[in-house]
Amino acid sequence: MLKVGVLGAGHLGKIHLRLLQQSDKYELVGFYDENQENAERISKEFGYKNFSTIAKLIHAVDVIDIVTPTLSHYKCAKVAIKSGKHIFIEKPIANTVEEAEEIIALAKEYNVKGQVGHVERFNPAFIATKNMIENPMFIETHRLAEFNPRGTDVPVVLDLMIHDIDAILSVVKSKVKNISASGVSVISDTPDIANARIEFESGCVANLTASRISMKNMRKTRFFQKDAYISVDFLEKKCEVVRMKDAPETPGDFDMILQNAEGVKKQIYFTNPEVEQNNAILDELESFANAIVTDTTPVVTLEQATDALRVAYQIIDCFQK
């Protein structure tokens, strides 16, 4: 079992603490939170060991789980890496692309592994369909959330849309060619609703919408490719695949047949791939333990998370233009 310590015991940090204590791949050593009043309360309530300094916690573990506000990700990662510890960082990897690139360089220099908490990669509906997504040519995402003051210190692109950016970059095997976007600030100082269009060199186009001022929650992505349409509902953890194949000579009474202007007939058939329910946060943390123990590449690398952050900032730059 790998000894692990958690930096940051806010809303998400508490979830990580609970799951790491349950895991049979980690031994939870303890945590550090700069708000000592909060730290003492959590330690008293749940029994986790509260360390008085970051340095003492880092010294006692093999892996550091960074669940602090984004602004401090770089500082925490730097200290942990220079102490030779593997790092799991909640998304986004850092506050700036420059900081993210420095984290990558340090991890290579000190020969430690890093993974970033892009949790939607472990969403069971995405896992169930990912191998069916082949050369998509149009992608549409909607990630809408009811207003929550937590997270409004960053633009909605870094708070919500970055999940979809990362998921899209993981399935589109092509370089980004062009980005256009617009965003509107409604109740925060930074945009609360945004739309972005990402064009890839392959010809694929992704249209992303994110909002944190919606009346209801929605997290849906649709992938369109040759002879197939794949719908993933990240919130409900459901998926649907609609495929087309050449129609049989004599269709059955209930077969769905489409005919185009050239007279070509296609049969449509629907499948709902089996979705195996999981705890995505526990799975991502345990996948990192596996990567360390087997010396393999983590599922969400520091480089991939940096690519997602780079695209996110290109979108934010469009707002300022």
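Residue numbers run consecutively from 1 along every chain, following the written order of its sequence. It should be noted that, the model being predicted, local features are given only for residues of pLDDT at least 70 and side-chain atom pairs only at 80 or more, the latter also being counted only at that level, while totals for whole chains, interfaces and linings use all residues. For the side-chain quantities, the full set of heavy atoms in the structure was used; hydrogens and water were omitted.

- Named according to an unreviewed UniProt entry, the protein is Gfo/Idh/MocA family oxidoreductase originating from Flavobacterium flavipigmentatum.

### Focus: the side chain of D233
No. 1: For helices the rule is a DSSP run of H or I covering at least 4 residues; for strands it is a run of E covering at least 2, with both sets numbered from the N terminus onward. Within the secondary structure layout, D233 lies in strand β11 (residues 228-233).
No. 2: Of the side chains with opposite charge, K220 lies nearest to the buried D233, which makes no salt bridge, at 4.3 Å.
No. 3: Within 3.5 Å is the distance limit for a polar contact, defined as a pair of N or O atoms, with the added protein rule that one can donate a hydrogen and the other accept it, and that residues adjacent in sequence qualify only through two side-chain atoms. A polar contact of 2.8 Å, which involves the side chain of D233, links it to the backbone nitrogen of E236. Exposure classes here rest on a 1.4 Å probe applied to the protein chains alone. A residue is buried below 20% of its type maximum, exposed above 50%, and partly exposed in between. By the counting scheme adopted, Arg and Lys are positive, Glu and Asp are negative, and His together with the chain ends is not counted. In the sections that follow, a salt bridge refers to a side-chain nitrogen of Lys or Arg positioned within 4 Å of a carboxyl oxygen of Asp or Glu.

### Description of the pattern of salt bridges
No. 1: In the structure shown here, the tally under the stated rule is 13 salt bridges.
No. 2: In this structure, the salt-bridge partner of E303 is K108, at a minimum N-O distance of 3.9 Å. Here E303 is found in helix α9 (residues 302-320), whereas its partner K108 is found in helix α5 (residues 97-109), with 195 residues between them in sequence.
No. 3: Its relative accessible area of 34% is what places E303 among the partly exposed residues.
No. 4: Because the salt bridges share partners, they merge into one network encompassing E120, R143, D164 and R219.

### Quick look at the pairing of strand β8 (residues 193-200)
No. 1: With burial as the criterion, only one face of β8 is covered, namely that bearing A194, A196, I198 and F200; the residues I193, N195, R197 and E199 on the opposite face remain uncovered.
No. 2: A pair of strands is treated as paired once DSSP finds two or more bridges between them. Across eight bridges, strand β7 (residues 176-184) lies against β8 in antiparallel orientation. Note that in β8 the partner of V176 across the bridge is F200.
No. 3: Direction of pairing for β8 relative to strand β9 (residues 205-211): antiparallel, over a ladder of seven bridges. Paired with N195 across the two strands is T209, which belongs to β9.
No. 4: Once β8 ends, the chain turns through four residues before running back antiparallel as β9, passing G203 with a positive phi of about 100 degrees.

### Considerations on the packing of aromatic side chains
No. 1: Two rings from Phe, Tyr or Trp (for Trp, the six-membered ring) form a pair when their centres are within 6.5 Å of each other. A pair whose planes differ by under 30 degrees is stacked, one over 60 is edge-to-face, and the rest are tilted. Considering all chains together, one arrives at six aromatic pairs under this definition.
No. 2: Between the aromatic rings of F138 and F224, the centroid separation amounts to 5.9 Å while the plane-to-plane angle is 45 degrees, which identifies the pairing as tilted. Residue F138 is located in strand β6 (residues 138-144), and its partner F224 is located in strand β10 (residues 218-225); the two are separated by 86 residues in the primary sequence.
No. 3: Measuring from centroid to centroid gives 4.9 Å for F224 and Y229, while their planes differ by 40 degrees, and the two rings are tilted.
No. 4: Owing to a relative accessible area of 21%, Y229 belongs among the partly exposed residues under this scheme.
No. 5: Connected via pairs of aromatic rings, a cluster forms that spans F31, F46 and Y48.
No. 6: Our definition puts a charge over a ring when NZ of Lys or CZ of Arg is within 6 Å of the ring centre and also within 35 degrees of the ring normal. Lying across the ring of F234, R143 places its NZ or CZ 5.7 Å from the centre.
No. 7: Note that K245 overlies the ring of Y269, its terminal NZ or CZ placed 4.9 Å from the centroid.

### Some thoughts on the UniProt feature "domain: Gfo/Idh/MocA-like oxidoreductase N-terminal" (unreviewed entry) in the protein
No. 1: UniProt positions are given in the numbering used here, feature names are shortened, and annotations may be inferred rather than shown by experiment. Mapped onto this numbering, the UniProt entry annotates "domain: Gfo/Idh/MocA-like oxidoreductase N-terminal" (unreviewed entry) at residues 2-118.
No. 2: When the span residues 2-118 is considered, its composition is 44% helix and 22% strand, and the gap between its end C-alpha atoms is 21 Å.

### Focus on unusual backbone geometry
No. 1: For the bond from K91 to P92, the omega torsion is -10 degrees, close enough to zero to count as cis.
No. 2: Within the secondary structure layout, P92 lies in the loop between β4 (86-90) and α5.
No. 3: The backbone of N111 sits at a positive phi, close to 55 degrees, despite the residue not being glycine.
No. 4: For N111, the location among the structural elements is in the loop between α5 and β5 (114-117).
No. 5: Take N111: its relative accessible area is 68%, and that puts it in the exposed class.
No. 6: Positive phi, close to 65 degrees, is recorded for D227, a residue that is not glycine.
No. 7: One can find D227 in the loop between β10 and β11.

### Overview of the nonpolar core
No. 1: Core analysis: the largest hydrophobic core is formed by 96 residues, its most contacted members being Y26, I93, I103, V157, M161, I165 and I315.
No. 2: Contacts are residue-level and defined by heavy atoms, with any inter-residue pair within 4.5 Å sufficient. If sequence neighbours within four positions are ignored, I315 has contacts with V157, M161, I165, I179, A181, A196 and I198. To define a nonpolar core, start from buried Ala, Val, Leu, Ile, Met, Phe, Trp, Tyr and Cys residues and group those joined through side-chain atoms within 4.5 Å.

### A short note on the packing of helix α7 (residues 156-171) against α9
No. 1: For the pair α7 and α9, the least separation of the axes is 9 Å and the interaxial angle reads 125 degrees. Judged on the interaxial angle alone, α9 and α7 are oblique. When you trace α7 past α9, the crossing you get is right-handed. Contact residues: α7 offers V157, L158, M161, I162, I165, D166 and L169, while α9 offers Q304, D307, A308, L309, V311, A312, Y313, I315, I316 and F319.
No. 2: Among the residues forming the contact of α7 with α9, the class breakdown is 14 nonpolar, one polar and two charged. Angles shown run from 0 to 180 degrees and are taken between the N-to-C directions of axes, each axis being a line fitted to C-alpha atoms and, for helices, limited to the stretch in contact. Orientation categories follow fixed angle ranges, with anything under 35 degrees roughly parallel, anything over 145 roughly antiparallel, 65 to 115 roughly perpendicular, and all other angles oblique. Handedness of a crossing is defined here by the sense of rotation of the near helix relative to the far one, left-handed for an anticlockwise turn of less than a right angle and right-handed for a clockwise turn. When residue character is reported, Ala, Val, Leu, Ile, Met, Phe, Trp, Tyr, Cys and Pro are called nonpolar, Asp, Glu, Lys and Arg charged, and the others, Gly included, polar.

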